[in-house]
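Each chain, letter by letter, is given below.
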Amino acid sequence: MNNRYTIILTSIGVLIMLLLHISSCQSNVSIQTAQYAVNGQKLYLSHCQNCHGSKGEGLAQLYPPLTDNEYFKQNRAKLSCIIRYGMKESIIIHGKTYKNQMPANPQLTELDIAYILTYITTNFGTSDSIYRHEEVKEALKACGI
Amino acid sequence: MRKLFFAGMIACIAFTACQSTSTTLPIIGQRDAVQKEIDGKIVTDTIYHRIPAFSFLNQDSVLISDKNFDQKIYVANFFFTHCPSICPTMQRNLLKAYEKYKNDERISFLSHSIDFKYDQPHVLKEYATNLGVNNEQWQFVTGSKAAIYSLADQYFVYTKEDSTVAGGYDHSGYLVLVDHDKHIRGAYDGTNKEQVSQLLKDIDILLKEYE
């Protein structure tokens, strides 16, 4: 009798531990995303906000907003290249064409770009996934510039 | 203790100085006293700093001058279309004022380009259109380096061609409020939210002078 109780209690204990472990793992991921986003916010303020606005709203037809989830999804790798090397060709965002050139930001590191992209896509866009350092590194290699 | 007292006093003065409790705006700049003879009597008159006469090409390649701003108050600033630093924020904020007073003939806006090489009228036109400016109330002008930069001094706005800064030109982001007599009545940091809302309040105060 006593033995059975022990087994049941132990299994419940193990289960609780397991659940806790799983949930803590999940929140670890989102904590890291949040950390990236916080770092990204600081960099955004000094490198992007003048043109693209504090809420990523852009400015009239001069500078595009950073809220087009569809563009983010379809150009996930290209975004790193745009930040590092700027953009000469026109861009269509929310169906509107923007022709102004975007200046390059050679001073931003791969990790800086990962922070900024995580901030932009999770705060102005609806993404919940992180841009990892590795991903940006690969993307920049593939830019071909 | 004494230091603390002084610090407190300076803070008080600074605080009260910033509050615009008075209903008229000051006239900014150096003033001179001149003595004139009127009807045989010697009278002392105060000469205030004024924006001198100017003429520049605007975004429609039309020559405009200070006469275009007669009987109006206006807000002036200095920018360039490819400016990657403070200009977008400054123009974003000035756009708010433009939209608030759109089609109000009592007020105009005047942006001088300090990039005399690149910002030709058609570049300014495209910029204005993209910014959403579609009437003559907001003028974007270009002129020779000497003319634009020396006029900036008259507005007390710092401008300098400098290859070491982003975009190639260094300048301060003041929005300068000018009255019918071309006297400067206020200067506001166009990148600072609080100062921009103060500008909107002061525009109303200045407009009341001419009612």
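Up top is the structure.
Residues numbered from 1 in each chain as written. Chains lettered and ligands numbered in written order. Predicted model: local features only at pLDDT ≥ 70, side-chain atom pairs only at ≥ 80, totals over all residues. Heavy atoms only, no water.

All right, on to the side chain of His49 of chain B then. Residues and elements named next belong to chain B. Topologically, His49 is positioned in the loop between strand E2 (41-47) and strand E3 (55-58). For His49, a relative accessible area of 15% puts it in the buried group. A distance of 2.7 Å separates a polar side-chain atom of His49 from the backbone oxygen of Gln154. Residues within four places of His49 in sequence aside, it is in contact with Ile28, Gly29, Gln30, Gln154, Phe156, Lys182, His183 and Ile184. (Helix = DSSP H or I, 4+ residues; strand = E, 2+ residues; numbered from the N terminus. Buried < 20%, exposed > 50% of the residue type's maximum accessible area, 1.4 Å probe, protein only. Polar contact = N/O pair within 3.5 Å; in protein donor to acceptor, adjacent residues only side chain to side chain. Contact = heavy atoms within 4.5 Å.)

All names here are of chain B. Three or more residues of helix H4 (residues 145-154) are buried, namely Ile148, Tyr149, Leu151 and Ala152. Seen from one end, H4 has its buried residues packed into an arc of 160°, which puts them on one side. Packed against the buried residues of H4 are E3, strand E5 (73-79), strand E6 (107-113), strand E7 (138-142), strand E8 (159-161) and strand E9 (169-171). Where H4 terminates, the next one or two residues include Phe156, which has phi positive at roughly 60°. (Arc of directions from axis to C-beta.)

Further remarks concern the packing of helix H4 (residues 76-85) of chain A against helix H6 (residues 133-141) of chain A. When two helices pack together, their arrangement is given by the angle between the helix axes and the distance between those axes. All names here are of chain A. Running from amino to carboxyl end, H4 crosses H6 at an angle of 75°, the nearest separation of the two axes being 8 Å. One element, H4, and the other, H6, form an angle in the roughly perpendicular class. On H6, the residues touching Arg76, Ala77, Ser80, Cys81, Arg84 and Tyr85 of H4 are Glu135, Val136, Ala139 and Leu140. Split into classes, the residues belonging to the contact of H4 with H6 amount to six nonpolar, one polar and three charged. (Axes fitted to C-alpha atoms, helices over the stretch in contact; angles between N-to-C directions. Parallel < 35°, antiparallel > 145°, perpendicular 65-115°, else oblique. Nonpolar A, V, L, I, M, F, W, Y, C, P; charged D, E, K, R; others polar.)

This part is about the interface of chain A and chain B. At the interface, 13 residues of chain A touch eleven residues of chain B. For the pair chain A and chain B, the summed buried surface comes to about 990 Å²; carbon and sulfur atoms form 53% of the total. On the chain A side of the contact with chain B, Asn50, Leu59 and Leu62 of chain A bury the most area, a combined 52% of that side's loss. Between chain A and chain B we count one salt bridge in total. For the salt bridge of Arg92 of chain B with Glu57 of chain A, the shortest nitrogen-to-oxygen distance reads 3.5 Å. If you look at where chain A meets chain B, you find six residue pairs in polar contact (both at pLDDT 80 or more). Tallied by class, residues from the side of chain A that touches chain B come to six nonpolar, six polar and one charged. (Buried area = accessible area lost by both parts, 1.4 Å probe. Salt bridge = Lys/Arg side-chain N within 4 Å of Asp/Glu carboxyl O.)

All right, on to the pairing of strand E10 (residues 174-178) of chain B then. Residues and elements named next belong to chain B. Most of E10 sits inside the fold, with four of its five residues counted as buried. Bridging between E5 and E10 involves three bridges; their strand directions are antiparallel. Of the residues in E10, the one forming a bridge with Ala76 is Val176. The pairing of E10 with strand E11 (residues 184-189) spans five bridges and is classified as antiparallel. When the sheet's bridge partners are listed, Tyr174 is paired in E11 with Asp189. (Pairing = 2+ DSSP bridges.)

With that settled, the discussion passes to the state of the cysteines. Evaluation of the coordinates by the stated rule reveals two disulfides over all chains. Note that Cys81 of chain A is cross-linked by a disulfide to Cys143 of chain A, the S-S spacing being 1.9 Å. Judged by the sign of its S-S torsion, about -100°, the cystine formed by Cys81 of chain A and Cys143 of chain A is left-handed. Taken together, the residues Cys81 of chain A in helix H4 and Cys143 of chain A in the segment after H6 connect sequence positions 62 residues apart. In this structure Cys48 of chain A is not part of a disulfide, and its nearest cysteine sulfur, from Cys51 of chain A, lies 9.1 Å away. Not part of a disulfide, Cys51 of chain A finds its nearest cysteine sulfur in Cys83 of chain B, a span of 8.0 Å. Given the relative accessible area of 16%, Cys51 of chain A is considered buried. (Disulfide = S-S within 2.5 Å.)

What follows is about the pattern of salt bridges. All names here are of chain B. Here the structure, examined in full by the defined rule, presents 14 salt bridges over all chains. The salt bridge partner of Lys100 is Asp204, with a shortest N-O separation of 3.5 Å. Of this pair, Lys100 sits in helix H2 (residues 87-100) while Asp204 sits in helix H5 (residues 193-208), placing them 104 residues apart in sequence. Asp204 gets classed as partly exposed once you look at its relative accessible area, which sits at 31%. Of the charged contacts in the structure, one is a salt bridge between Glu209 and Arg185, with a shortest N-O distance of 2.7 Å. Here Arg185 lies in strand E11 and Glu209 lies in the segment after H5, a separation of 24 residues in the sequence. Judged by relative accessible area, Glu209 falls into the partly exposed class, the value being 34%. Three or more residues are tied together by salt bridges with common partners; here these are Lys117, Lys145 and Glu161.

The values are spatial; any link to function lies outside them.
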